[in-house]
Amino acid sequence: MSYTYDDKNIFAKILRGEIPNTTVLETQHSLAFRDLYPQAPTHVLVIPKGAYVSYDHFAAEASEDEIVDFTRAIGEVCRLEGVTLTAGNGFRMISNAGEDGVQEVPHLHVHILGGRPLGLMLTQA
Ligand code: DGP
């Protein structure tokens, strides 16, 4: 079965410039911007510019250039936000996918959270 991408999602609109965002970093294939509802002092979303719904979609179909760009963009955002292990106290990166992952926006995004102790990764819900 192939992946289905809905280009009406909010991050597709951000990529098309239809909705404003607070950009942290833009590279050839990726965009990083602040989450509208931050859960920590650092809460940045990193997205590929390509039409990928989830990380498994991206890993299966993105080019090597896109994958390298996205991976390095995530690292660069951590550096810019001062949460790397060399300059700060660390961070958490999360990528929700699908119904069980409780993904709200169906365009691949990685949350980078930091700037405070984040507690246990999961609590029962
Ligand atoms: P997820 O549940 O992993 O799909 O997270 C989606 C995140 O996107 C959530 O933390 C809130 C954020 N978000 C939703 N709409 C907007 C928006 O219009 N702009 C920005 N910057 N973030 C948004």
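Quick note: structure is the one above.
Definitions and cut-offs
- Residues numbered from 1 in each chain as written.
- Predicted model: local features only at pLDDT ≥ 70, side-chain atom pairs only at ≥ 80, totals over all residues.
- Heavy atoms only, no water.
- Helix = DSSP H or I, 4+ residues; strand = E, 2+ residues; numbered from the N terminus.
- Buried < 20%, exposed > 50% of the residue type's maximum accessible area, 1.4 Å probe, protein only.
- Lys, Arg positive; Asp, Glu negative; His and termini not counted.
- Salt bridge = Lys/Arg side-chain N within 4 Å of Asp/Glu carboxyl O.
- Contact = heavy atoms within 4.5 Å.
- 1 Å grid on protein atoms, 1.4 Å probe; cavity = no way out; pocket = protein on both sides within 12 Å on 5 of 7 lines; lining within 4 Å.
- Points joined across faces, edges and corners; volume = space filled by probe spheres on them.
- Nonpolar A, V, L, I, M, F, W, Y, C, P; charged D, E, K, R; others polar.
- Phe/Tyr/Trp six-rings, centres within 6.5 Å; stacked < 30°, edge-to-face > 60°.

Visitor: Go over the side chain of Asp 69, please, and point to the residues and values.
Guide: On the secondary structure map, Asp 69 appears in helix H3 (residues 64-81). The side chain of Asp 69 is buried and forms no salt bridge, while Lys 49, the nearest opposite charge, is found at 7.4 Å. Not counting chain neighbours up to four residues away, the residues in contact with Asp 69 comprise Thr 27, Gln 28, His 29 and Ser 30.

Visitor: A description of the layout of surface pockets should follow, citing residues and the corresponding values.
Guide: By volume, the largest pocket amounts to about 1,100 Å³. Contributing to the lining of the largest pocket are 35 residues, with Asp 35, His 43, Asn 96, Glu 104 and His 111 lying nearest its centre. For the lining of the largest pocket, the leading source of residues is helix H1 (residues 10-15), giving 3 residues. For the lining of the largest pocket, the residue count by class is 19 nonpolar, 10 polar and 6 charged.

Visitor: Talk me through the packing of aromatic side chains; I want residue IDs and the actual numbers.
Guide: Within a pair of aromatic rings, the relevant descriptors are the distance that separates the centres and the angle that separates the planes. A complete count under the given rule lists 4 aromatic pairs for this structure. On the numbers, 5.4 Å between centres and 75° between planes, the contact of Phe 11 with Phe 33 is edge-to-face. One end of the pair, Phe 11, is in helix H1; the other, Phe 33, is in strand E2 (residues 30-34), and 22 residues separate them in sequence. Classification of Phe 11 as buried rests on a relative accessible area of 7%. Since its relative accessible area comes to 2%, Phe 33 is described here as buried.

Visitor: How would you sum up the pattern of salt bridges? Please name residues and give values.
Guide: Under the definition given, this model contains 5 salt bridges. Of the charged contacts in the structure, one is a salt bridge between Lys 8 and Asp 6, with a shortest N-O distance of 3.9 Å. Between Glu 81 and Arg 34 there is a salt bridge whose closest N-O contact spans 2.9 Å. Taken as a pair, Glu 81 in helix H3 and Arg 34 in strand E2 lie far apart in primary sequence, 47 residues in all.

Visitor: Please set out the environment of Met 93 residue by residue, giving values where relevant.
Guide: Structurally, Met 93 can be placed in strand E4 (residues 91-94). Separated by 19 residues in sequence, Met 93 and Ile 112 place their C-alpha atoms 4.6 Å apart. If sequence neighbours within four positions are ignored, Met 93 has contacts with Ile 74, Val 110 and His 111.

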